[in-house]
Structures are given as structure tokens and as C-alpha cells.
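Topology and contacts: notes
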Amino acid sequence: MNATSSGYRMSVLERLPNVSIVHHVQRDGSVWGSRGRTVLCKRNGVWRPVARFPVSMPRDLFGWNRPMARASRADKCNVYVNSRGRMLGIRAHAVYSLEPDGSLVRRAEIQGDCVLHRGICEDRDGWTYFGEYFRNPQRAPVRIWRFSPELHHHEIAHEFPAGSIRHVHCVLSDPYDDDALWVTVGDYSGECYVLRTRDRFGHLERFGDGSQTWRAVVLFFTPDYVAWLTDSHLDQNHACRMDRRTGTLDVGCPIPCSTWYGTTTTDGMHVAFTTVERGPAIHRSESLVLVSDDAFRWHEVGSFRKDAWRPRKLFKFGVINCPSGPMPSGRIYISGEGLVGFDGLSLRIGVERMGWAP
């Protein structure tokens, strides 16, 4: 699809029907993805399999059938490549490293099947961080893990005590503060905060009042603000930003659905994707592609309609995600689930500015 809005234009440049999820883009242009339990890498324009996660039963019995693959979560996994070129993978509660001989070595077992896309980051010393994401109905303790640059050693960077949060959404590095890592947590009243550490989780600053206004997944960074689109199926969603110096919150334009994923391109465009789930705060039946120059005033440039498979909770919400790593606005990879013509596959899109946008 092609779309224009408010001085921007989005174009679909390439379809990737054999890549279910694009996970990471390296600075050298290598692109990492997956299909089922197969890890893929694109170098020199060619996608090749590089590893396979171990079989996980019973869900891997259903990977050949798309509706059953959705219901069994057969595609769920994470692939992240650090600045030393070492690949970390997460699938079926286990964390792996890809070794130089091509083997996947199991390094740890975590709570939760895997983590949210773009929920993994690296600190200035090359250690990789992620937080546990799982249903957690009993509100058990939730941990943030860190792995050494070679991925051979790991430790618990921080543990949230029982009853404090449901789960971690993302751990993110700050492009304007080399010392800072940010964490988003949720999901319900008294559990939603934006957090910051500047000393590798020796101390953790907490921002927010626990309400749905502070329920964020991905954060967008500018020199003066930390911004997000709220992730609520319960309360009206908005664009929000917090002043870095004062902690003051600004609440901006309403957003018709919850937002899980997004990225900031290498040329400074902020791109976000809304999710079609169930709840009183979900007002559109399409997953939207939104863009912004300041991460606060957003413009719709594209949409993908939710498909008819029901129930949604079993057969997946309508979701667009995108990889970690550097991407220019003319070369953004996105992956789709539960959307018409955009389910279990990936696209490469371009977004361009057609002129000044208010």
C-alpha cells in the first residue's frame, strides 16, 4: 500500500513472505530475522538460515499451518546482535548465544517465553540487558538480566519485588546520555512507570504515578524530552512526553489504539505502530503507521486492517513490530501479525517528508 498524510508519504518497497519477523539490523547493513524456529540473516542481499532453535513441544507441531502457528505462538522468539557481532536469542523460556562454530548454546532460563520486540539493549560497556515479560497473574518477582559482551556470563541486574509490577516491557539505551538505561513496566493501576538508571541498576529512579498515562512500551528520545504513546486497552491513549530536566509530563494528542512498537530512524524521524486489541480504549480496527518529527505531534501515513480470525486473544491481535538497530526512513523493516495481507511476513517500507508538516 502507499499512503500520504500531513506532508508525509509511505510506500511499500519490498515484501518478505519468508521472513515472519525481522528482529535486528546491524550497522554494517546485515539484517536478522526468523521464521518459526529458524534464525535467518541477510547479507549481500541474500537471506540465509544460520541457526535453528531447539524444538519446543507442542507448539512446533503446528508451525506449518498459519492459523495454528498463531494460536500456538510458534513464531515467538527474539534475536539481538550486540556491537561485537555476537547474537543472543530467546525462545521458549531459554536464552542462547550463537557461537562462532554455528551452534546455539543455552545460557539461561527466564520467566516468560521471550521478551517484547525492541525490548533488548546494550550499555556503553557492551553488556546486553532485557527484562522478563510474562502474564504473571500472581505478581511474582520480575527480573532484569544482563549478559557480558561475549554472552558467556550473565547475572541479575535488578529484581522487582513481588507485587510491585506485572512485567517489564522494554529496556532501552539513551542516545543522548551514554550512562542512562530506561525501563518501561506495566500493566495496571499502581504498576505503570518509566524508570531510569545511570549506574547499571545500582540505583533506579522512578517517574510517574502508576496510572495508564505512564503505561508505555517503547520510548522515543529527543535532547529535551523522553516521549511515548500510551499502551492502554482501558483508558484513552495519548502522546506523552516528559521533560528530562524537571520530570514534568505533557499529555498531547489522543491516539485511537494502544501502541507497543516504534523506532527512531537514523535521519531523525520517529515512527510508531498501533495495535488492534480488545478494550474500551481501542477505537480503530486497523493497525496504524504514525510518524513524527518531534515524538509528540503524530501523523497517520498508513494502516493495515485487522483480519477476521476470532477469538483475537487466541489468534493474535493486529500487531506491527519493527527491528532494533539503525534504519533510515527510506528503509524501515516491519513485521505483521493478524492483519489483512500482512500476517506472518515482513515488509520493507519507506517514509518520506513531502514538505513541512505542522
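Notes on the packing of aromatic side chains
- Here the structure, examined in full by the defined rule, presents 12 aromatic pairs.
- Ring geometry for phenylalanine 130 against phenylalanine 147: centres 5.8 Å apart, planes inclined by 20°, an arrangement best described as stacked. Here the residue phenylalanine 130 occupies a position in strand β12 (residues 128-131), and phenylalanine 147 occupies one in strand β13 (residues 142-147), the gap between them amounting to 17 residues.
- Residue classification places phenylalanine 147 among the buried positions, given a relative accessible area of 0%.
- With 4.8 Å between their ring centres and 45° between their planes, phenylalanine 304 and phenylalanine 342 make a pair best called tilted. Of this pair, phenylalanine 304 sits in strand β26 (residues 299-305) while phenylalanine 342 sits in the loop between β28 (332-337) and β29 (345-353), and the two are 38 residues apart along the sequence. Per residue, the accessibility class of phenylalanine 304 equals that of phenylalanine 342, and both read buried.
- Connected via pairs of aromatic rings, a cluster forms that spans Phe130, Trp145 and Phe147.
- Residue placement shows arginine 241 over the ring face of tyrosine 225; its charged tip is 4.1 Å from the ring centre.

Observations regarding unusual backbone geometry
- Residue proline 58 is reached from methionine 57 by a cis peptide bond, and omega for that bond is 5°.
- Here proline 58 lies in the loop between β6 (46-52) and α1 (66-72).
- Across the junction of glycine 186 and aspartate 187, the peptide omega takes the value 25°, indicating a cis bond.
- By secondary structure assignment, the location of aspartate 187 is in the loop between β16 (177-186) and β17 (192-197).
- Of note, the phi angle at alanine 92 is positive, near 55°, even though the residue is not glycine.
- Residue placement: alanine 92 occurs in the loop between β8 (87-91) and β9 (94-98).
- Phi at arginine 118 is positive, roughly 65°, even though this residue is not glycine.

Considerations on the environment of glycine 344
- Position of glycine 344 among the secondary structure elements: in the loop between β28 and β29.
- Taking relative accessible area as the criterion, glycine 344 reaches 9% and is therefore assigned buried.
- With 237 residues separating them in the primary sequence, glycine 344 and arginine 107 have C-alpha atoms 28 Å apart.
- Once residues within four sequence positions are removed from consideration, glycine 344 is found in contact with Pro17, Val19, Ser20, Arg35, Arg66, Gly336 and Glu337.

With respect to the pattern of salt bridges
- Under the counting rule described, the total for this entry stands at 32 salt bridges.
- Residue arginine 107 is joined to glutamate 99 by a salt bridge in which the shortest nitrogen-to-oxygen separation is 3.2 Å.
- The exposure class assigned to arginine 107 is partly exposed, which follows from its relative accessible area of 23%.
- For the salt bridge of glutamate 109 with arginine 106, the shortest nitrogen-to-oxygen distance reads 3.0 Å.

Description of the sheet that holds strand β14 (residues 154-160)
- What the 4 strands build is an open sheet, ordered β11-β12-β13-β14; its pairing is antiparallel. Looking along the sheet, the strands with just one partner apiece sit at the ends: β11 (121-122) and β14.
- Note that β12 and β13 share 4 bridges and pair antiparallel. In the sheet register, threonine 128 faces β13, and the bridge partner there is phenylalanine 147.

Observations regarding the nonpolar core
- Membership of the largest hydrophobic core comes to 60 residues, with the highest contact counts inside it found for Trp182, Leu219 and Ile334.
- Look past the residues within four positions of isoleucine 334 in its chain and what remains in contact with it is Phe273, Ile320, Asn321, Cys322, Phe342, Ser346, Leu347 and Ile349.
- Listed in part, the 17 residues of the second largest apolar core include Val142, Ile144, Phe160 and Leu181.

Comments concerning the pairing of strand β3 (residues 21-25)
- Most of β3 sits inside the fold, with 5 of its 5 residues counted as buried.
- Here β3 runs beside strand β4 (residues 31-35); their pairing, made up of 4 bridges, is antiparallel. Across the sheet, valine 25 pairs through a bridge with valine 31, a residue of β4.
- Hairpin connection of β3 to β4: 5 residues between the antiparallel strands, including glycine 29 at a positive phi of 95°.

Considering the side chain of serine 346
- In this structure, serine 346 sits in strand β29.
- In terms of polar contacts, serine 346 uses its side chain to reach the side chain of serine 335, at 2.8 Å.
- Residues within four places of serine 346 in sequence aside, it is in contact with Glu14, Arg15, Leu16, Val19, Ser20, Ile21, Val22, Ile334 and Ser335.

With respect to the sheet that holds strand β22 (residues 249-255)
- Overall, antiparallel pairing links the 4 strands, which are arranged β19-β20-β21-β22 in an open sheet. Here the strands that pair on one side only, and so sit at the sheet edges, are β19 (220-221) and β22.
- When strand β20 (residues 225-229) meets strand β21 (residues 237-243), the two strands line up antiparallel, connected through 5 bridges. Residue pairing across strands places leucine 229 opposite alanine 239, the latter belonging to β21.

Some thoughts on the state of the cysteines
- Per the counting criterion, the structure on display carries 0 disulfides.
- Free of any disulfide, cysteine 253 has its nearest cysteine sulfur in cysteine 240, 9.3 Å distant.
- Cysteine 253 gets classed as partly exposed once you look at its relative accessible area, which sits at 27%.
- Of all cysteine sulfurs, the one in cysteine 170 lies closest to cysteine 322, which takes part in no disulfide; the gap is 10.0 Å.

Conventions adopted
- Residues numbered from 1 in each chain as written.
- Predicted model: local features only at pLDDT ≥ 70, side-chain atom pairs only at ≥ 80, totals over all residues.
- Heavy atoms only, no water.
- Phe/Tyr/Trp six-rings, centres within 6.5 Å; stacked < 30°, edge-to-face > 60°.
- Helix = DSSP H or I, 4+ residues; strand = E, 2+ residues; numbered from the N terminus.
- Buried < 20%, exposed > 50% of the residue type's maximum accessible area, 1.4 Å probe, protein only.
- Lys NZ or Arg CZ within 6 Å of the ring centre and 35° of its normal.
- Contact = heavy atoms within 4.5 Å.
- Salt bridge = Lys/Arg side-chain N within 4 Å of Asp/Glu carboxyl O.
- Pairing = 2+ DSSP bridges.
- Core = buried A, V, L, I, M, F, W, Y, C linked by side-chain atoms within 4.5 Å.
- Polar contact = N/O pair within 3.5 Å; in protein donor to acceptor, adjacent residues only side chain to side chain.
- Disulfide = S-S within 2.5 Å.

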